[in-house]
Amino acid sequence: MGPGTILENAFGVTEFIQTAEETNGELHEQRVTYRPDSPFPQTHFHPDQDERFVVEDGVMLFVLDGKEVPVGAGSEIEIPRGTAHKARNASEYATTTVLWQTRPALRTAEFFCTANALGPDTLAQTLLVREYADVFRLTGPTAWLVPPLATIARVLGKRLPS
């Protein structure tokens with residue numbers, strides 16, 4: 001779960017550059033190469049973390065508090081803690097690479113590794129959102145569904161990987 005960890009999923013390929021362990025908890029840094037036409041994640045916010053994205057090539061489309069903000073190669077965007085957002089590759093045909101920093105690191109590496117291990121299992125993902133509420137929270141009606149769906153997931157025997 002340290003530097004060099006590589007995760008692949010529907011969004012693209014993520015490589016951890018620095019994690020909490022190497023930075024005394026100050027920074028989680030990863031490089032993500034987003035697939036063409038990658039999906040948006042659910043709109044979310046980070047209660048106690050700030051994010052910085054530096055677009056190395058391609059164009060990312062961010063939605064911040066409902067407003068679309070395209071960010072191209074050589075540009076960066078900062079997302080303060082508590083800001084509702086989501087982001088994806090804006091291109092249908094080419095990859096986009098981003099250097100992504102999260103401060104403080106908290107449990108960001110663990111969150112990404114656990115999410116990746118779960119895959120697209122929606123019920124199991126509700127357990128993830130409950131467990132990692134210190135680093136990731138959904139917004140709007142989707143957030144209201146998490147507690148009852150997490151209960152159903154547990155009743156059905158779903159668990160987070162250890």
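Structure: above.
Residues numbered from 1 in each chain as written. Predicted model: local features only at pLDDT ≥ 70, side-chain atom pairs only at ≥ 80, totals over all residues. Heavy atoms only, no water.

Now for the packing of helix 2 (residues 122-131) against helix 3 (residues 140-155). Running from amino to carboxyl end, helix 2 crosses helix 3 at an angle of 120°, the nearest separation of the two axes being 8 Å. By crossing handedness, the relation of helix 2 to helix 3 is classed as left-handed. Every residue of helix 3 that contacts helix 2 at Leu123, Thr126, Leu127, Val129 and Arg130 is listed here: Val146, Pro147, Leu149, Ala150, Ile152, Ala153 and Arg154. Here the residues of the contact of helix 2 with helix 3 sort into nine nonpolar, one polar and two charged. (Axes fitted to C-alpha atoms, helices over the stretch in contact; angles between N-to-C directions. Helix = DSSP H or I, 4+ residues; strand = E, 2+ residues; numbered from the N terminus. Left-handed = near helix turned anticlockwise from the far one by under 90°. Contact = heavy atoms within 4.5 Å. Nonpolar A, V, L, I, M, F, W, Y, C, P; charged D, E, K, R; others polar.)

As summarised here, the arrangement of the six strands in space is 1-2-3-10-5-8, forming an open sheet in which the pairing is antiparallel. Edge positions in the sheet fall to strand 1 (6-8) and strand 8 (76-79), since each of these pairs with one other strand and no more. With direction set aside, neighbouring strand axes in the sheet form an average angle of 20°. Pairing of strand 2 (residues 12-18) with strand 3 (residues 28-34) involves six bridges; the strand directions are antiparallel. Within strand 3, the residue paired with phenylalanine 16 across the bridge is glutamine 30. Packed onto the sheet, helix 1 (residues 108-118) meets strand 1, strand 2, strand 3 and strand 10 (96-103) and runs at close to 40° relative to strand 1. (Pairing = 2+ DSSP bridges.)

Attention shifts here to the nonpolar core. Membership of the largest hydrophobic core comes to 13 residues, with the highest contact counts inside it found for Tyr34, Phe53, Met60, Phe62, Ile77, Val98 and Trp100. Residue assignment for this core shows that the elements contributing at least two residues are strand 3, strand 5 (50-57), strand 6 (59-64), strand 8 and strand 10. The leading source of residues in this core is strand 6, at three residues. With residues near it in sequence (within four places) discarded, phenylalanine 53 still touches Phe62, Ser75, Glu76, Ile77, Ile79, Val98, Leu99 and Trp100. Residues Phe111, Ala115, Val135 and Val146 belong to the second largest nonpolar core, which totals 11 residues. (Core = buried A, V, L, I, M, F, W, Y, C linked by side-chain atoms within 4.5 Å. Buried < 20%, exposed > 50% of the residue type's maximum accessible area, 1.4 Å probe, protein only.)

A few words on the pattern of salt bridges. Counted according to the given criterion, the structure contains seven salt bridges. Here arginine 35 makes a salt bridge to glutamate 8, at a shortest N to O gap of 4.0 Å. Taken together, the residues arginine 35 in the loop between strand 3 and strand 4 (44-45) and glutamate 8 in strand 1 connect sequence positions 27 residues apart. Of the residues examined, arginine 35 reaches a relative accessible area of 33% and is grouped as partly exposed. Of the charged contacts, one joins arginine 52 and glutamate 76 as a salt bridge, the two residues approaching to 2.9 Å between their closest N and O atoms. Taken together, the residues arginine 52 in strand 5 and glutamate 76 in strand 8 connect sequence positions 24 residues apart. Among the charged side chains, a network of salt bridges with common partners joins Arg107, Glu131 and Asp134. (Salt bridge = Lys/Arg side-chain N within 4 Å of Asp/Glu carboxyl O.)

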